[in-house]
Amino acid sequence: MKENIHKFHYKDMYFLLDVNSGAVHVVDAMTADIMDIFDGHNDETVIAQLSGIYKILELAEALSELHELINKGQLFAPDIDVPPVFSEKGIVKSMCLLVAHDCNLRCKYCFADSGEFGADRRLMNNEVGEAAVEYIIRHSGNRQHCEIDFFGGEPLVNMPVVRHLTEYIRNREKETGKIFKLTLTTNGMLLTDENIAFLNDNNISVVISLDGRKEVHDRMRPDVGGNGTYDRVISNFKKLVKSRNDENYYMRGTYTKYNLDFTKDVLSMAKEGFDILSMEPVVAKDADYAILKSDLPRIFAEYDKLVDAYLQYKSKGKGFFFFHFNMDLSNGPCVAKRLSGCGAGHEYYAVAANGDMYPCHQFVGRNKYLLGNVFDGVKNTDLPQYFRNCHVLNKEKCRDCWARFFCSGGCHANADLFNGDIYKPYEIGCELQKKRLECAIAVQAINNMEK
């Protein structure tokens, strides 16, 4: 059972995570030492081994408290079984519409090959977009709430279709009773006053891309002529965020081997007035900016630095929301979500500009993962169940990992990219995820203690 307990520390604080229940306990050094020995049944062994270091009465009191946690199901909780829902056919809850296989930037790390997705540059037309909307309506069952993300490339390159589909979706909501959450991901180059007004008027959430400091951003995110874009996009981003009262947006950055001091980039975005942030590690093979296993110690130290900075900002009343530090330690996601994560390939599909459907936007162009198309439906009928069964209890490297119910097995596309198998997680991604989770647990526990 001890493999279902994860112990770690942040500065002088010790934390215990009970993996199966998700309960987090802040403990003292003595209890941390006890947990190196204690298995729920061996009190005498614990006292015998530690009585030369701690007082027997104090050890007995701590053991009594640990048994109380066991009785409450918050320590050595039983293993989670696969829920029956995984044997059922899934319903489609969300879709990503790649309305533009084209982009006005040439980001060096772009997984989509600057929007081409390994093929020709093209734009989605109204017919394909409408068919995608009808597909999710038909295949979402009795579910009322659905999601559609306008994606690219750069979706604002194809603003006429975004406008048309938004109107089409809002009309279909009235006719079907469905409620769609709409999101658009943009590099910011085309955030004109007119486009911002449209996004605001139609309650479209916006994901905006900025890599932090000007020199970092401009190095990796040039325009088609090779020129930096920071000054242009940050002005547009500030205008967008101000227009929606600092709400309903999310700023996403990417760090590479070139900026392993990414705390400076997170703080740069915060200092510019953006307070809903994330900074993601680049995923790349055979590139000079790729993150290697040898970089992990430095990155781990940088995450510790980011925790310190995050807590310091919060203490000064300048706190910001950082995606990877946001965790619910009391009521996490449902069991199915904890096991399978994003739902790619069985609850979430991506639609290419020509109507072809893939498990997610990162699989577009990988022919063996072609599901079918929005007009004829899913033809590769085995693939959705293959993805549905790809949960942490079916992955050899995930079954005994303490982080399995938080990361849900990691990204399928990254696993395929590095290992050619969605059941074999991307190792560097796993290590980074575990470090971020420890940071997040520490941050949330400290926040809860301060309330």
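Throughout what follows, the structure given in this document is the object of discussion. (Residues numbered from 1 in each chain as written. Predicted model: local features only at pLDDT ≥ 70, side-chain atom pairs only at ≥ 80, totals over all residues. Heavy atoms only, no water.)

### Looking at the packing of aromatic side chains
Consideration 1: Inspection of the entire model under this criterion finds 17 aromatic pairs.
Consideration 2: A centroid spacing of 4.0 Å and a plane angle of 20 degrees characterise the contact between Y255 and F262, whose relative ring orientation is stacked.
Consideration 3: On the basis of relative accessibility, which here comes to 0%, the residue Y255 falls in the buried class.
Consideration 4: Here F262 falls in the buried class, since its relative accessible area comes to 1%.
Consideration 5: Between F322 and F325 the ring centres are 4.9 Å apart and the planes differ by 65 degrees, which places this aromatic pair in the edge-to-face class. One exposure class covers both F322 and F325, and it is buried. (Phe/Tyr/Trp six-rings, centres within 6.5 Å; stacked < 30°, edge-to-face > 60°. Buried < 20%, exposed > 50% of the residue type's maximum accessible area, 1.4 Å probe, protein only.)

### Comments concerning the nonpolar core
Consideration 1: If you look at the biggest cluster of nonpolar residues, it comprises 124 residues, and the most contacted ones within it are L97 and F150.
Consideration 2: With residues near it in sequence (within four places) discarded, F150 still touches L97, V99, P155, V162, L165, T166, I169, L182, T183, L184 and T185.
Consideration 3: Counting residues in hydrophobic clusters, the runner-up holds 19 residues, among them I5, A32, M35 and V46. (Core = buried A, V, L, I, M, F, W, Y, C linked by side-chain atoms within 4.5 Å. Contact = heavy atoms within 4.5 Å.)

### Points about the packing of helix α10 (residues 296–315) against helix α15 (residues 427–450)
Consideration 1: Between α10 and α15, the shortest axis-to-axis distance is 10 Å and the interhelical angle comes to 20 degrees. On the basis of the axis angle, α10 is roughly parallel to α15. α10 and α15 meet at a crossing whose hand is right-handed. Contacts between α10 and α15 involve L296, I299, F300, Y303, D304, V307, Y310, L311 and K314 from the former and I428, E431, L432, K435, R436, C439, V443, I446, N447 and E450 from the latter.
Consideration 2: Looking at the contact of α10 with α15 residue by residue, the classes come out as 12 nonpolar, one polar and six charged. (Axes fitted to C-alpha atoms, helices over the stretch in contact; angles between N-to-C directions. Helix = DSSP H or I, 4+ residues; strand = E, 2+ residues; numbered from the N terminus. Parallel < 35°, antiparallel > 145°, perpendicular 65-115°, else oblique. Left-handed = near helix turned anticlockwise from the far one by under 90°. Nonpolar A, V, L, I, M, F, W, Y, C, P; charged D, E, K, R; others polar.)

### With respect to the sheet that holds strand β16 (residues 377–378)
Consideration 1: Read from one edge of the open sheet, 11 strands run β12-β11-β10-β9-β8-β7-β4-β13-β14-β15-β16, paired in mixed fashion. The open sheet has two free edges, formed respectively by β12 (321–322) and β16, since each of these has just one partner strand.
Consideration 2: When strand β9 (residues 205–209) meets strand β10 (residues 249–255), the two strands line up parallel, connected through four bridges. Within β10, the residue paired with I208 across the bridge is M251.
Consideration 3: Across the sheet, helix α9 (residues 263–271) is in contact with β10, β11 (276–281) and β12; its angle to β11 comes to roughly 160 degrees. (Pairing = 2+ DSSP bridges.)

### Quick word on the layout of surface pockets
Consideration 1: Its boundaries defined by the atoms lining it, the second largest pocket holds a volume of some 260 Å³.
Consideration 2: Lining the second largest pocket are 14 residues; nearest its centre among them are K89, G90, Y349, V378 and P384.
Consideration 3: The set of elements that each furnish at least two residues to the lining of the second largest pocket consists of α4 (126–139), β16 and α12 (382–388).
Consideration 4: When residues in the lining of the second largest pocket are grouped by element, the largest group, three residues, is from α12.
Consideration 5: A per-class count over the lining of the second largest pocket returns six nonpolar, six polar and two charged. (1 Å grid on protein atoms, 1.4 Å probe; cavity = no way out; pocket = protein on both sides within 12 Å on 5 of 7 lines; lining within 4 Å. Points joined across faces, edges and corners; volume = space filled by probe spheres on them.)

### Some thoughts on the pattern of salt bridges
Consideration 1: For the coordinates displayed, the defined rule picks out 24 salt bridges.
Consideration 2: For the salt bridge of R388 with E347, the shortest nitrogen-to-oxygen distance reads 3.8 Å. Pair noted here: R388 is in helix α12 and E347 is in the loop between α11 (335–340) and β13 (348–351), with a separation of 41 residues, a long-range link. Side by side, R388 and E347 carry an identical accessibility label, which is buried. (Salt bridge = Lys/Arg side-chain N within 4 Å of Asp/Glu carboxyl O.)

### Considering the sheet that holds strand β1 (residues 5–10)
Consideration 1: Read across the open sheet, the three strands follow the order β1-β2-β3; overall the sheet is antiparallel. For this open sheet the edge positions go to β1 and β3 (24–27), each flanked by a neighbour on one side alone. Mean inter-strand twist for the sheet, computed between neighbouring axes without regard to direction, equals 25 degrees.
Consideration 2: Here four bridges tie strand β2 (residues 13–18) to β3, and the two strands are oriented antiparallel to one another. Within β3, the residue paired with L17 across the bridge is V24.

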